[in-house]
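A structural walkthrough
Each chain, letter by letter, is given below.
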Amino acid sequence: MNIIVKRAVLYYVDKYPQAKTPLLTWYNEFLKADYHNFNQLRSTYGNASLVGKNRVVFNIKGNDFRLVVSVNFKQLAAYIIWFGTHKEYDKINVGTVEFDIKILNYKVK
């Protein structure tokens, strides 16, 4: 899968250092896979949830963090919309939360 805006992963790794290893593990595994539908994705990520047409929620680091990703199965492409703690996740509307465009200006350390 092609993950658009790698900078988002790097931003969230810096923002949540305790999630660095599990988030980078997810990123590297996801890059190497080709999922043509949600069922294929779910066979690898049993805890993934489909919310809306193309949004998938992943549990990262057990259930400590949530990752919201928009997946285009036809194009084999995805982009990270949102990442945060489980507690922060409970405060968002997962169906409408938008990508924070400030991340595009994030300077990689």
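Data block above holds the structure.
A brief report on the enclosed structure follows. (Residues numbered from 1 in each chain as written. Predicted model: local features only at pLDDT ≥ 70, side-chain atom pairs only at ≥ 80, totals over all residues. Heavy atoms only, no water.)

Some words on the packing of helix α1 (residues 6-15) against helix α2 (residues 20-32)
Relative orientation of the contacting elements α1 and α2 amounts to 165°, with a least axis distance of 9 Å. Compared by their axis directions, α1 and α2 come out roughly antiparallel. Every pair of crossing elements has a handedness; the one defined by α1 and α2 is right-handed. Contact residues: Lys 6, Val 9, Tyr 12 and Val 13 in α1; Lys 20, Leu 23, Leu 24 and Tyr 27 in α2. For the contact of α1 with α2, the class distribution of residues is six nonpolar, no polar and two charged. (Axes fitted to C-alpha atoms, helices over the stretch in contact; angles between N-to-C directions. Helix = DSSP H or I, 4+ residues; strand = E, 2+ residues; numbered from the N terminus. Parallel < 35°, antiparallel > 145°, perpendicular 65-115°, else oblique. Left-handed = near helix turned anticlockwise from the far one by under 90°. Contact = heavy atoms within 4.5 Å. Nonpolar A, V, L, I, M, F, W, Y, C, P; charged D, E, K, R; others polar.)

Examining α2
Helix length check: α2, at 13 residues, gives a terminal C-alpha distance of 19 Å against a target of 18 Å (1.5 Å per residue), a fit within 8%. The set of residues buried in α2 consists of Leu 23, Trp 26, Tyr 27 and Phe 30. End-on, the buried residues of α2 take up no more than an arc of 100°, which puts them together on one face. Opposite the buried face of α2, at more than 90 degrees from it, the exposed residues are Thr 21 and Lys 32. Looking at the buried residues of α2, the elements they touch are β1 (2-4), α1, α3 (38-44), β3 (55-60), β4 (65-72) and β5 (77-85). (Expected span 1.5 Å × (residues − 1). Buried < 20%, exposed > 50% of the residue type's maximum accessible area, 1.4 Å probe, protein only. Arc of directions from axis to C-beta.)

Details of α1
Within the span of α1, buried status applies to Ala 8, Val 9, Tyr 12 and Val 13. In a view along the axis of α1, the buried residues occupy a sector of 135°, so they form one face of it. Considering only its buried residues, α1 is in contact with α2 and β5.

Quick look at the environment of Ala 77
Note that Ala 77 resides in strand β5. With 26 residues separating them along the chain, Ala 77 and Ile 103 place their C-alpha atoms 19 Å apart. Aside from chain neighbours lying at most four places away, what touches Ala 77 is Met 1, Asn 2, Ile 4, Ser 70, Val 71 and Asn 72.

Re the sheet that holds β3
Spatial strand order, β1-β5-β4-β3-β2: five strands in an open sheet with mixed pairing. Two strands bound the open sheet, and with one partner strand each, they are β1 and β2 (49-51). Between one strand axis and the next, the sheet turns by 35° as a mean value, whatever way the strands run. Bridge count for β3 against β4 is six bridges, and the pairing is antiparallel. Paired with Phe 58 across the bridge in β4 is Leu 67. (Pairing = 2+ DSSP bridges.)

Just distances and angles here, no functional claims.
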